[in-house]
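# Notes for the structure review
Listed below, chain by chain, are the residues.
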Amino acid sequence: MRELPWPAKVYVVTLAGAAAFLLARDLLEPGALSAGDWSTTLVLGLLFLLCESAPTLLNVPHVAVSVSYSAALAAVVLVGPVGAALVGLTAVVSVRPGIPLVKRLFNGAQYVICGYAAGWAFLRAGGEVGLPQVEDFPGILIPYSAATVAFVAVNFVLTAVIVRLAREVGRGQVLLRPMVQFLGSYVGYAVFGLLIAALWVTVQSISAVLVLLPLFVARWAFGHYHAEQRSYDATIAALCQAVETKDYYTRGHCTRVSLASSMIAEEIGMGTERLRAIRYAGMLHDVGKLGVPTKVLQKEGKLTEEEIAAIQLHPMRGLEIVRGIDFLDEAFAGIMHHHERYDGKGYPMGLAGSEIPEFARIIAVADAFDSMTSDRAYRKAKPIEVAVAELRKNAGTQFDPEMVYAFIKALERKGWNPPQTVSGPPPADAAETAVRDHDDPTAPIQVGSER
């Protein structure tokens, strides 16, 4: 607990004390739980522990989904508030590695309180503790729904408070927005708790296996999918690092273009899969520079026509490099055509208007904006307002007007953090360096005779 700020420590100790008081008060009463109730609680506690120890990690940092509360909600129906609280208490002994003692203490305490809250809501809504019978349905749905809402709501509030109090701790910086996004999932998983309780009448503890075995298979597949996505991200990051090693004055450029492209894509309503593809396309739009000789990219002084042509070939070189990466999907078009112009005067194919793939039209705007708002070897970064004015000025000629105005809307809503100053050896002739910067709409473009 040494790394937590003192308000968070007080909060955790208070929760633990409240949970201990509630359990001691009820368990000291004679007959609080019958022998059958204790055996049911033990089985559900083991089930809770198993689920809590194997959550599904998601792409959202610090966020995982566990279906352990299905067991706690089943205990609400089968053995009541005390049993649900005892089931939740098993979170203290979770076998998941790397959980500090203070987190175990908090998890156990808050699940105890959540179990009591759910049990109280179940009873207040007219629910009866014990094995549900056929005639109890569908009447049991109302008290069970009340128990679910109480459990999820109390869990959310208690977790939100500790996140707020522990905001100064690096590992405690969990965003509340993802937590809100998963509230629906938590309520949905609660259905499994009711299924366990309903099947307990006939097959007892085997009901947990029948209900949760398919769920664990789905959990494994879901976790495997996200592990695969993380490996994809690592591959893309490695390629970007290779590009930026060759072209020192554009460090961080691909990451920012990816972010700006995602902003535009979200603004025009792209779906989840296409959003992922546009993010990859933004990251890799300049990967073709790996096929351009380093001496050309970093050459000081005037470029020959052959060298200009080599730079203008980088979109096609990029496509050649990533062609075999199947998961890029539509990103290929963005990489290949991001230097086309809306008026048809771009390269490599001179496409115009709607002939240019949508991904390429998005990346063209994002690419130009980041170029203008970043330090380059031949000039300082332009203010955001100036860059936006340049985008407006070139809408309909260099850029797709729809993408320009979508980006401006996204900027107004989300803002933009310009990159820090990039230091690097200035070229002998800054004007010649400007000529080769095809990302910047304010820089003069020299076109080679060979393409």
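Relevant structure appears above.
Rules behind the numbers
- Residues numbered from 1 in each chain as written.
- Predicted model: local features only at pLDDT ≥ 70, side-chain atom pairs only at ≥ 80, totals over all residues.
- Heavy atoms only, no water.
- Helix = DSSP H or I, 4+ residues; strand = E, 2+ residues; numbered from the N terminus.
- Buried < 20%, exposed > 50% of the residue type's maximum accessible area, 1.4 Å probe, protein only.
- Areas by Shrake-Rupley, 256 points an atom, 1.4 Å probe, with all protein chains shown as cover.
- Core = buried A, V, L, I, M, F, W, Y, C linked by side-chain atoms within 4.5 Å.
- Contact = heavy atoms within 4.5 Å.
- Phe/Tyr/Trp six-rings, centres within 6.5 Å; stacked < 30°, edge-to-face > 60°.
- Patch = residues over 30% accessible without salt bridge, like charges linked within 9 Å, V, L, I, M, F, W, Y side chains within 5 Å.
- Salt bridge = Lys/Arg side-chain N within 4 Å of Asp/Glu carboxyl O.
- Axes fitted to C-alpha atoms, helices over the stretch in contact; angles between N-to-C directions.
- Parallel < 35°, antiparallel > 145°, perpendicular 65-115°, else oblique.
- Left-handed = near helix turned anticlockwise from the far one by under 90°.
- Nonpolar A, V, L, I, M, F, W, Y, C, P; charged D, E, K, R; others polar.
- Arc of directions from axis to C-beta.

## Comments concerning the overall build of the protein
Helices and strands together make up the secondary structure of the protein, namely 18 helices and 2 strands. With 451 residues in all, the protein has 50% of them scored as buried. Of the roughly 21,300 Å² of accessible surface on the protein, 62% is carried by carbon and sulfur atoms.

## What to know about the nonpolar core
Core analysis: the biggest nonpolar cluster contains 50 residues, and Leu284, Leu328, Leu391 and Phe407 have the highest contact counts within it. Among the secondary structure elements, those contributing two or more residues to this core are helix 8 (206-246), helix 9 (253-267), helix 10 (272-284), helix 13 (314-322), helix 14 (331-337), helix 15 (358-372), helix 16 (384-394) and helix 17 (401-414). With 9 residues, the top contributor of residues to this core is helix 15. When near neighbours in sequence (up to four residues on either side) are disregarded, Phe407 contacts Ala260, Met263, Ile264, Val365, Phe369 and Leu391. One finds Ala72, Ala74, Val76 and Val77 within the second-largest nonpolar core, a separate group that totals 31 residues.

## Things to note about the packing of aromatic side chains
The final tally for this structure, using the stated rule, is 7 aromatic pairs. A ring pair is formed by Phe369 and Trp416, whose centres lie 5.4 Å apart and whose planes are at 80°; its orientation type is edge-to-face. Residue Phe369 is found in helix 15, and its partner Trp416 is found in the loop between helix 17 and helix 18 (430-435); the two are separated by 47 residues along the sequence. Here Phe369 and Trp416 have matching classes, each one buried. An aromatic cluster is built from Phe48, Tyr69, Tyr111 and Phe151, whose rings are joined through pairwise contacts.

## Description of unusual backbone geometry
Note that the residue after Phe137, namely Pro138, is joined by a cis bond; omega there is 5°. Of note, Pro138 is situated in the loop between helix 4 (101-124) and helix 5 (141-165). Here the amide bond leading from Tyr347 into Pro348 is cis, since omega sits at 15°, within 30 degrees of zero.

## A few points about a nonpolar patch on the surface
Side chains of Leu89, Val92 and Val93 sit close together on the surface and give an oily, nonpolar patch of about 210 Å² of accessible area. With respect to the secondary-structure elements, Leu89 resides in helix 3 (residues 69-89). For Leu89, a relative accessible area of 34% corresponds to the partly exposed category.

## Quick word on the packing of helix 1 (residues 6-27) against helix 3
Running from N to C, helix 1 and helix 3 cross one another at 135°; their axes reach a closest spacing of 11 Å. Considering their axes alone, helix 1 and helix 3 lie oblique with respect to each other. The two elements helix 1 and helix 3 cross, and the hand of that crossing is left-handed. Along the contact surface, helix 1 presents Leu23, Asp26 and Leu27, while helix 3 presents Val82, Ala85, Leu86 and Leu89. In the contact of helix 1 with helix 3, the residues fall into 6 nonpolar, no polar and 1 charged.

## Brief notes about the environment of Val152
If you trace the backbone, Val152 turns up in helix 5. Look at Val152 and you get buried, because its relative accessible area is 10%. For the pair formed by Val152 and Tyr69, sequence separation is 83 residues and the distance between their alpha carbons is 9.0 Å.

## What about helix 13?
Among all positions in helix 13, only His314, Pro315, Gly318, Leu319 and Val322 are buried. Summarising the axial view, the buried residues of helix 13 lie within an arc of 145°, below the 170-degree limit, and thus occupy one face. For helix 13, the secondary structure elements touched by its buried residues are helix 10, helix 12 (305-312) and helix 14.

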